[in-house]
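Summary of structural features
The primary structure of each chain is shown beneath.
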Amino acid sequence: MEELGADYKIVEHHRDAQTNRSQEDMFALHPIAKAPAIEVDGRIMIESGAIIEYLCEINDGKLAINAGEKDRSAYLEWLHFAEGTVAMPMLMALLGPRFGGLDKLPLMKGFIDGEVSKLLDYIDGHMEGREFLVGGEITGADINMEYLLELGNLVGLLNERPNAKAYLQRLMARDAYEKAIEIGGPLTPTG
Ligand SMILES: N[C@@H](CCC(=O)N[C@@H](CS)C(=O)NCC(=O)O)C(=O)O
């Protein structure tokens with residue numbers, strides 16, 4: 001919303017401190033209690049990729065590569081690649097240690113580690129010589145990817161991937177990002 005320069009109101013909900021899951025206040029809004037969630041005309045909308053598409057659409061197509069424009073197909077692909085393909089293996093890699101480690105499940109560990117490496121290498125290679133995922137300006141695709149790269153960076157997964165790391169650092173240095181963190185708090189756990 002800061003990148004769009006649009007008005008918004010934040011409603012805070014807190015995860016359960018032990019399980020890290022959503023609590024009753026979120027279930028009161030939506031049966032699967034997922035965040036991010038926005039209220040549109042009295043209805044709760046979930047799924048970050050869809051939310052980003054919708055918010056760009058109602059803000060004059062800002063931050064999007066719109067129908068009929070060059071790079072439209074690449075834009076949609078990168079916008080949905082983040083949550084559609086990267087999120088699940090990344091989360092399994094991050095949550096593994098919390099559930100006692102994946103070392104007792106070598107086949108699973110091999111699958112997840114291999115998948116995370118392949119996906120991050122792909123992003124790192126793609127970002128060579130590029131400032132943003134698609135086109136010459138920031139788009140919704142960068143915004144959806146940022147969170148996952150931030151999570152990966154937290155556990156050192158970008159240390160050997162300089163293009164992806166520099167890209168993440170550029171996104172995190174943007175005024176809109178800094179303002180959003182100032183208002184809403186850090187995106188990933190600190191310390
Ligand atoms: N694919 C969904 C993922 C949503 C999701 O899993 N959100 C997490 C926070 S990052 C959540 O709500 N976790 C709390 C819970 O599931 O109880 C999206 O892109 O919005």
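Here's what I pulled together on the structure shown here.

Quick notes on the rules
- Residues numbered from 1 in each chain as written.
- Predicted model: local features only at pLDDT ≥ 70, side-chain atom pairs only at ≥ 80, totals over all residues.
- Heavy atoms only, no water.
- Near = heavy atom within 4 Å.
- Polar contact = N/O pair within 3.5 Å; in protein donor to acceptor, adjacent residues only side chain to side chain.
- Areas by Shrake-Rupley, 256 points an atom, 1.4 Å probe, with all protein chains shown as cover.
- Nonpolar A, V, L, I, M, F, W, Y, C, P; charged D, E, K, R; others polar.
- Patch = residues over 30% accessible without salt bridge, like charges linked within 9 Å, V, L, I, M, F, W, Y side chains within 5 Å.
- Salt bridge = Lys/Arg side-chain N within 4 Å of Asp/Glu carboxyl O.
- Helix = DSSP H or I, 4+ residues; strand = E, 2+ residues; numbered from the N terminus.
- Buried < 20%, exposed > 50% of the residue type's maximum accessible area, 1.4 Å probe, protein only.
- Pairing = 2+ DSSP bridges.

So, the site of the ligand
- Around the ligand, the structure places Arg15, Arg21, Ser22, Ala33, Lys34, Ala35, Pro36, Glu47, Ser48, Glu83 and Tyr147.
- One nitrogen or oxygen atom from the side chain of Arg21 is found 2.9 Å from an oxygen atom belonging to the ligand.
- A distance of 3.1 Å separates a nitrogen atom of the ligand from a polar side-chain atom of Glu47.
- Out of a free accessible area of 510 Å², the ligand has 79% covered by protein chains.
- Of the residues contributing to the shell around the ligand, the split by class is four nonpolar, two polar and five charged.

Let's talk about a nonpolar patch on the surface
- On the surface, a cluster of nonpolar side chains totalling about 330 Å² of accessible area is made up of Met1, Tyr8, Ile10 and Ile183.
- Looking at where Ile10 falls in the secondary structure, it is placed in the segment before α1 (24-27).

Thoughts on the pairing of strand β1 (residues 37-40)
- Here β1 shows a buried face lined by Ile38 and Val40 and an unburied face lined by Ala37 and Glu39.
- Here β1 pairs with strand β2 (residues 43-46) via four bridges, running antiparallel. Counterpart to Ala37 in the pairing with β2 is Ile46.
- Here β1 folds back onto β2, and the loop between the two strands holds two residues, one of which, Asp41, carries a positive phi near 50°.

Distances and angles like these do not, on their own, reveal function.
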